[in-house]
Every structure is written in structure tokens, then in C-alpha cells.
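Per-entry structural report
Residue-level listing of the chains:
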Amino acid sequence: MAVKENLRPGGRSARVQASVHKAARDLLAEMSRAEVTIPLIAAKAGVTPSTIYRRWGDLQELLADVAVERLRPDMQPIDAGSGKADLEAWAEQYAEEMSSGPGREMIRDVLAAQTGENACKCCEYTRQQIVVIAERAKGRGETFPDVDLVMDQVVAPIMYRILFGDVPDSARVRDLVSRVISATG
């Protein structure tokens with residue numbers, strides 16, 4: 001079942017979403033993931049379980065929706081003075097956050113959902129961050145790689161390592177950035 005978009009920002013739907021998301025986050029902080037259920041979340045949020053089932057369909061879709069909101073960047077990438085430095089700083093922070101325990105749990109929640117909608121949202125959040133870096137670099141008169149190339153040659157290897165291997169260290173991340181920047185210049 002697809003997650004329904006909030007049609008009335010600030011209305012009852014937004015309040016329900018906010019309370020359910022908060023309840024889910026609180027319960028995940030208090031107990032193991034295996035113990036968290038829709039009835040527990042509903043009781044903590046002050047809604048009926050049917051409200052949650054109607055909106056999210058199942059627990060995994062709800063957890064994916066919560067994870068997507070937590071993965072949404074809350075600030076612009078830092079300006080380190082050049083496109084390469086900006087991308088290095090962003091990529092190192094991205095790798096660190098995504099490879100942390102909570103980061104890995106959120107990734108698993110997003111990927112375990114039946115629909116790919118939430119994964120697409122996460123991809124778009126990442127893409128938007130790289131667009132900011134690219135536009136900033138181009139505004140300085142620098143040559144910067146295509147955003148899709150950065151996604152393929154920097155973000156994808158970082159995510160692959162997080163999902164299936166070791167945590168990518170700073171040296172590995174800087175090497176990925178150097179390669180993609182060198183391929184452009």
C-alpha cells in the first residue's frame with residue numbers, strides 16, 4: 001500500500017502524522033524494534049490502530065515513512081570553499097551518518113518497505129544536496145561533474161559498502177571524490 005501524501009499541511013492529517021511519527025520514534029528509542037507494534041504506536045500517539053493501517057498499510061511502511069523524514073537533510077551542505085572540498089565534506093558526513101547504527105536501521109527500514117516510494121524520496125534528498133554543491137561550484141566558475149555521475153561514482157559506492165561491506169573510511173571517501181572530480185576536469 002502506498003503512503004498517502006498529506007493533502008492539508010497543518011491540518012488534522014499533519015497532526016496525526018506528526019503524533020504517529022513521534023510515537024514511533026519514541027518507542028524505537030525505548031524498546032527493541034521487534035517489540036514495536038502498530039497498537040503500541042497508536043496508543044502512544046492517541047489514535048486508533050485503524051488510522052495507522054488506513055494511512056500506512058503496515059508497520060514496515062510506517063517505519064519507512066518515519067525513516068525518510070529522519071533522513072531528510074535539515075541544512076544545506078557546508079561551504080568549504082571549492083566544489084571538491086564541499087563534496088568531500090558532504091560525502092564524509094554522509095558516509096558517517098549513514099553507516100552509524102541509527103543510519104543503518106533507517107536504511108533497512110526504507111529498503112524493507114514494499115513500495116520503492118520512500119527509497120526514491122531518500123535518493124532525491126541526496127540528489128538535492130549534490131545539486132546545491134554543484135550549483136555553488138559553478139557559481140564560483142569551477143568545473144563540476146554531472147550530478148548523476150556523482151551519484152553513481154560517489155554516493156552509490158558509499159551506500160554499497162554500508163549495506164554489504166565495511167564502513168567506508170574518510171580516505172576511501174576522499175578517493176571517490178578525487179576520482180569523480182578528476183574525471184571532469
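Residues numbered from 1 in each chain as written. Predicted model: local features only at pLDDT ≥ 70, side-chain atom pairs only at ≥ 80, totals over all residues. Heavy atoms only, no water.

What follows is about the packing of helix α6 (residues 101–112) against helix α8 (residues 147–164). At a minimum axis distance of 11 Å, the contact between α6 and α8 shows a crossing angle of 95 degrees. In terms of their interaxial angle, α6 and α8 are classed as roughly perpendicular. Across from R104, I107 and L111 in α6, the residues of α8 making contact are M159, I162 and L163. For the contact of α6 with α8, the residue count by class is five nonpolar, no polar and one charged. (Axes fitted to C-alpha atoms, helices over the stretch in contact; angles between N-to-C directions. Helix = DSSP H or I, 4+ residues; strand = E, 2+ residues; numbered from the N terminus. Parallel < 35°, antiparallel > 145°, perpendicular 65-115°, else oblique. Contact = heavy atoms within 4.5 Å. Nonpolar A, V, L, I, M, F, W, Y, C, P; charged D, E, K, R; others polar.)

It is worth spelling out the nonpolar core at this point. Generally speaking, soluble globular proteins have nonpolar side chains that are buried together. With 32 residues, the main nonpolar core has L87, W90, F144, V154 and I158 as its most contacted residues. Of all the secondary-structure elements, those providing two or more residues to this core are α4 (59–71), α5 (83–99), α6, α7 (117–139), α8 and α9 (170–184). Counting residues per element, this core draws most heavily on α8, which supplies eight residues. Once you skip the residues sitting within four places of it in the chain, V154 turns out to touch A91, L149, L176, V177 and V180. Membership of the second largest hydrophobic core comes to 15 residues, among which are A23, A24, I41 and V47. (Core = buried A, V, L, I, M, F, W, Y, C linked by side-chain atoms within 4.5 Å. Buried < 20%, exposed > 50% of the residue type's maximum accessible area, 1.4 Å probe, protein only.)

Further remarks concern the side chain of H21. Position of H21 relative to the elements: it lies in helix α1 (residues 12–30). At 2.9 Å, the side chain of H21 and the side chain of D65 are in polar contact. Among all residues touching H21, those that are not within four sequence positions of it are W56, L62, D65, V66 and E69. (Polar contact = N/O pair within 3.5 Å; in protein donor to acceptor, adjacent residues only side chain to side chain.)

Our next topic: the environment of T184. As for its position among the elements, T184 is in helix α9. C-alpha separation for the pair T184 and F144, spaced 40 residues apart in sequence, amounts to 6.5 Å. Ignoring anything within four residues of it in the chain, the contact list for T184 reads T143, F144 and P145. A polar contact is formed between the side chain of T184 and the backbone oxygen of V180, at a distance of 2.8 Å.

To continue, consider the confidence of the model for the protein. Confidence in the prediction of the protein, expressed as mean pLDDT, is 88, and 94% of residues score 70 or more. Segment residues 1–8: pLDDT under 50, and 26 contacts once partners within four positions in sequence are set aside and those in other chains are kept. (pLDDT = per-residue confidence, 0-100.)

Bringing a nonpolar patch on the surface into the picture now. A cluster of nonpolar side chains, contributed by L111, Y160, L163 and F164, occupies part of the molecular surface with about 460 Å² of accessible area. Ranked by residue count, the leading element in the nonpolar patch is α8, at three residues. Mapped onto the secondary structure, Y160 falls in helix α8. Take Y160: its relative accessible area is 54%, and that puts it in the exposed class. (Patch = residues over 30% accessible without salt bridge, like charges linked within 9 Å, V, L, I, M, F, W, Y side chains within 5 Å. Areas by Shrake-Rupley, 256 points an atom, 1.4 Å probe, with all protein chains shown as cover. Salt bridge = Lys/Arg side-chain N within 4 Å of Asp/Glu carboxyl O.)

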